[in-house]
Amino acid sequence: MGGLSIGQVAERTGLSVHALRFYEREGLLADPVRRESNGRRVYTEDDVDWLNMCIKFRSSGMPLDTIRRYTDLVRQGAGNEADRLALLRSHQEAVKAQIEELNECLRVITWKVDIYQEHVDAGTADSLWVNPASQSASEAS
């Protein structure tokens, strides 16, 4: 029966071999990784799909404990779908809040970029920052 080596999975997921071993050790894989008779790990396409989902969870700020909780619920099988949904909805709301905060940051940065662009275009950029020691704080940009 074929499968993927740890190196192949690392290449396909962008995770290091060390990170893959960490995910396995921490119980973050939905299914135990099969081993060949020589002890080498053999991964499946399902493992790759699961890992890619976990990567998105981590990239979105989901704590390892929450990923582990979700994984445990999935391993338990049918009957806890409402718990899984609640966990995912909670994280979804946290991500939406992060996006709103980032959008607010982007609005401020865009405003500053527009100001700088206007001054650069007008040749007045040297007036954008004046040493606070030589000018009151209310006059500095």
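Just so it is clear, the structure is predicted and the values come from calculations on it, not from any experiment. (Residues numbered from 1 in each chain as written. Predicted model: local features only at pLDDT ≥ 70, side-chain atom pairs only at ≥ 80, totals over all residues. Heavy atoms only, no water.)

Undergrad: Give me the overall build of the chain: which residues, what numbers.
TA: In terms of regular secondary structure, the chain is built from five helices and two strands. Ordered by position from N to C terminus, the α and β elements of the chain give α-α-β-β-α-α-α. Taken against the 2.2 N^0.38 rule, which gives 14 Å for 141 residues, the C-alpha radius of gyration of the chain at 24 Å runs more than 25% over that of a compact globule. Taken along the three principal axes of its C-alpha coordinates, the chain extends 75 × 35 × 25 Å. Expressed as a percentage of the 141 residues in the chain, the buried residues total 26%. Here the contacts in the chain between residues at least 6 apart in sequence split such that 48% fall between residues at least 24 apart. (Helix = DSSP H or I, 4+ residues; strand = E, 2+ residues; numbered from the N terminus. Rg over C-alpha atoms; globule rule 2.2 N^0.38 Å. Buried < 20%, exposed > 50% of the residue type's maximum accessible area, 1.4 Å probe, protein only. Contact = heavy atoms within 4.5 Å.)

Undergrad: Quick one: what's the story with the UniProt feature "domain: HTH merR-type" (unreviewed entry) in the chain, residue by residue and with numbers?
TA: Under the present numbering, the feature "domain: HTH merR-type" (unreviewed entry) in UniProt falls on residues 3–73. Here residues 3–73 runs as 59% helix and 6% strand, with 26 Å between its end C-alpha atoms. (UniProt positions renumbered as here; feature names shortened; annotations may be inferred.)

Undergrad: Lay out the pattern of salt bridges in plain terms, naming residues and giving numbers.
TA: Within this structure, the stated rule accounts for nine salt bridges. R75 is the partner of D72 in a salt bridge, and the nearest nitrogen-oxygen pair spans 3.0 Å. Of this pair, D72 and R75 both sit in helix 4 (residues 64–76), three residues apart, which is roughly one turn of that helix. A salt bridge links E104 to R107; the nearest nitrogen and oxygen atoms lie 3.0 Å apart. Pair noted here: E104 and R107 are both in helix 5 (residues 81–122), with a separation of three residues, about one helical turn. Among the ionic contacts, a cluster of salt bridges with common partners joins E24, R35 and R41. (Salt bridge = Lys/Arg side-chain N within 4 Å of Asp/Glu carboxyl O.)

Undergrad: Describe helix 2 (residues 17–25), naming the residues involved and giving the relevant values.
TA: Buried within helix 2 are the following residues: A19, L20 and Y23. Down the axis of helix 2, the smallest arc covering the buried residues is 100°, so these residues share one side. Every exposed residue of helix 2 that faces more than 90 degrees away from the buried side is listed here: H18 and R25. G27 occupies a position one or two residues after helix 2 and carries a positive phi of about 75°. (Arc of directions from axis to C-beta.)

Undergrad: Quick rundown of the packing of helix 4 against helix 5? Include the residues and the values.
TA: Between helix 4 and helix 5, the least distance of the axes is 10 Å, while the angle of their chain directions is 160°. Judged on the interaxial angle alone, helix 5 and helix 4 are roughly antiparallel. Handedness of the helix 4/helix 5 crossing: left-handed. Between helix 4 and helix 5, the residues in contact are T66, R69, Y70, L73 and V74 and D83, R84, L87 and L88, respectively. Here the residues of the contact of helix 4 with helix 5 sort into five nonpolar, one polar and three charged. (Axes fitted to C-alpha atoms, helices over the stretch in contact; angles between N-to-C directions. Parallel < 35°, antiparallel > 145°, perpendicular 65-115°, else oblique. Left-handed = near helix turned anticlockwise from the far one by under 90°. Nonpolar A, V, L, I, M, F, W, Y, C, P; charged D, E, K, R; others polar.)

Undergrad: Before we move on, can you summarise the environment of L73 with the specific residues and values?
TA: With respect to the secondary-structure elements, L73 resides in helix 4. Judged by relative accessible area, which is 2%, L73 ranks as buried. Spatially, the C-alpha atoms of L73 and H119 are 56 Å apart, while their sequence positions differ by 46 residues. Each residue touching L73, except ones within four places of it in the same chain, is listed here: N80, D83 and R84.

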